[in-house]
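Residues per chain, in single letters:
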Amino acid sequence: MTIEQTIEQAKVILSHIVITISEQPITIGDILFIPIIIFMGILLTKWLIKLISSRLTTKKTDPNIIHLVERVLYVIAITIIIISILDFMNVPIAAFAFLSGAIAIGFGFGAQNIINNFISGWILMWERPIRIGDFLEIEDSKGLVEEINTRSTRIKRVDGVHLLIPNSKLLENTVVNWTLVDQFVRCSVKVGVAYGSPAKKVAELIMQATTEQAEALTEPKPLVTFDDFGDNALMFEVTFWVNSRVESGLRIAKSNVRFRLEELFEQENIVVAYPQRDIHLDGSLKIINS
């Protein structure tokens, strides 16, 4: 068999009609060419998105804006690829109107949660009530937002475990966003000193221990309060603000204040109180040595 005969036979095979849609024949050649269009479209889309993302990153654009742009470009690219495939096969889009309507109805009933999460994901990326890098408190979990996808949001918990939370849950439930407006967070340290300690001196030492810490902000100014006359101690509390986007920053700031307080109290001979109990016995007490 000559090369010309092989080519002619291949043309006959590729021109074989597989299916007809709206009086438009679809051949084997059309079907085999579809993966090439998809592959080239995806390759070009990834290159374009990578180029745009690198440009935006160089200009120090907000990562949430970059993420939104990437998602929008992906949707546009997929739409263009589908339209290009239909146009290549000379298939009118109207031919799929009835079929797509039936599929949409069935898909809507069977995948309500998926659609809900998909729409919620776009709302999160567009309105940005939750952004990449925010520190969230959801029910009993706290963590840092690492990625917002169209179906779920990935959060790295404070213990290092990654959580995938459906986007609809973030919109429908109460979510505490510690860094929604800024990264200023208030924290407090409580301490009890023994009765008989000079209260004003104690307050001065607590203020000194707080203001010496680099994490504590000078504005708003730390506040020391004589909280209460406790059962076994004079109770004091200091509240101060720190610039932190994670919970570990708060724990470190409070720990540093406590370390410094222990040093200052020891220098001034001020005793940190501990529980004490007085026992009164009616009658006599006899101790027998065995």
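Figured I'd write up the structure that's included with this text. (Residues numbered from 1 in each chain as written. Predicted model: local features only at pLDDT ≥ 70, side-chain atom pairs only at ≥ 80, totals over all residues. Heavy atoms only, no water.)

1. Considerations on the overall build of the chain
Regarding its fold elements, the chain presents eight helices and ten strands. Among the 290 residues that make up the chain, the fraction classed as buried is 29%. For the chain, restricting intrachain contacts to residue pairs at least 6 apart in sequence, the fraction spanning at least 24 positions comes to 62%. Within the structure as shown, the chain displays about 19700 Å² of accessible surface, and the carbon and sulfur contribution to it stands at 61%. (Helix = DSSP H or I, 4+ residues; strand = E, 2+ residues; numbered from the N terminus. Buried < 20%, exposed > 50% of the residue type's maximum accessible area, 1.4 Å probe, protein only. Contact = heavy atoms within 4.5 Å. Areas by Shrake-Rupley, 256 points an atom, 1.4 Å probe, with all protein chains shown as cover.)

2. Quick word on the sheet that holds strand E3 (residues 135-138)
With antiparallel pairing, five strands are arranged side by side in an open sheet as E6-E5-E4-E3-E7. Only two strands of the sheet have a single partner each, and these edge strands are strand E6 (162-166) and strand E7 (176-177). Strand direction decides the pairing type here: E3 and strand E4 (residues 141-148), joined by four bridges, are antiparallel. Its bridge partner being in E4, Phe135 is matched across the sheet by Leu144. (Pairing = 2+ DSSP bridges.)

3. Comments concerning the sheet that holds strand E10 (residues 234-243)
Across the sheet, three strands lie side by side as E8-E10-E9; this open sheet has antiparallel pairing. Looking at the sheet topology across the chains shown, the edges are occupied by strand E8 (184-193) and strand E9 (223-229). Pairs of neighbouring strands in the sheet enclose a mean axial angle of 25°, with direction left out of account. Pairing between E9 and E10: six bridges, direction antiparallel. Along E10, the bridge assignment pairs Thr225 with Glu237. Taken strand by strand, helix H7 (residues 199-211) contacts E8, E9 and E10, and its axis lies near 20° from that of E10. Packing against the sheet, helix H8 (residues 247-267) makes contact with E8 and E10, and its axis sits at approximately 30° to E8. (Axes fitted to C-alpha atoms, helices over the stretch in contact; angles between N-to-C directions.)

4. Observations regarding H7
The end-to-end C-alpha separation of H7 is 19 Å, in line with the 18 Å expected for 13 residues at 1.5 Å each. Residues Val202, Leu205, Ile206, Ala209 and Thr210 constitute the buried set of H7. The arc that holds the buried residues of H7, viewed along the axis, is 135°, so those residues lie on one side. Where H7 is buried, its residues meet E8, E9, E10 and H8. (Expected span 1.5 Å × (residues − 1). Arc of directions from axis to C-beta.)

5. Details of a nonpolar patch on the surface
Residues Phe33, Ile36, Phe39, Met40 and Leu43 make up a contiguous nonpolar surface patch of roughly 500 Å² in combined accessible area. In this fold, Phe39 is placed in helix H2 (residues 28-58). (Patch = residues over 30% accessible without salt bridge, like charges linked within 9 Å, V, L, I, M, F, W, Y side chains within 5 Å. Salt bridge = Lys/Arg side-chain N within 4 Å of Asp/Glu carboxyl O.)

6. Structural notes on the nonpolar core
Ranked by size, the top nonpolar core spans 23 residues in total, and within it Val193, Val202, Ile206, Phe236, Phe240, Leu261 and Phe265 carry the most contacts. At the level of elements, E8, H7, E10 and H8 are the ones that each hand at least two residues to this core. Top element by residues in this core is H8. It accounts for six residues. Here Leu261 is in contact with Val191, Leu205, Ile206 and Ala209, once residues within four sequence places are set aside. Core analysis: the second largest hydrophobic core is formed by eleven residues, Met125, Ile148, Ile155 and Ile165 among them. (Core = buried A, V, L, I, M, F, W, Y, C linked by side-chain atoms within 4.5 Å.)

7. Describing the packing of aromatic side chains
A complete count under the given rule lists two aromatic pairs for this structure. Aromatic pair Phe226 and Phe229: ring centres 5.1 Å apart, planes at 50°, arrangement tilted. Given the relative accessible area of 39%, Phe226 is considered partly exposed. The class of Phe229 is exposed, set by a relative accessible area of 58%. With centroids separated by 4.6 Å and ring planes inclined at 15°, the aromatic side chains of Phe226 and Phe236 adopt a geometry described as stacked. (Phe/Tyr/Trp six-rings, centres within 6.5 Å; stacked < 30°, edge-to-face > 60°.)

Bear in mind that shape data such as this cannot, by itself, settle questions of function.
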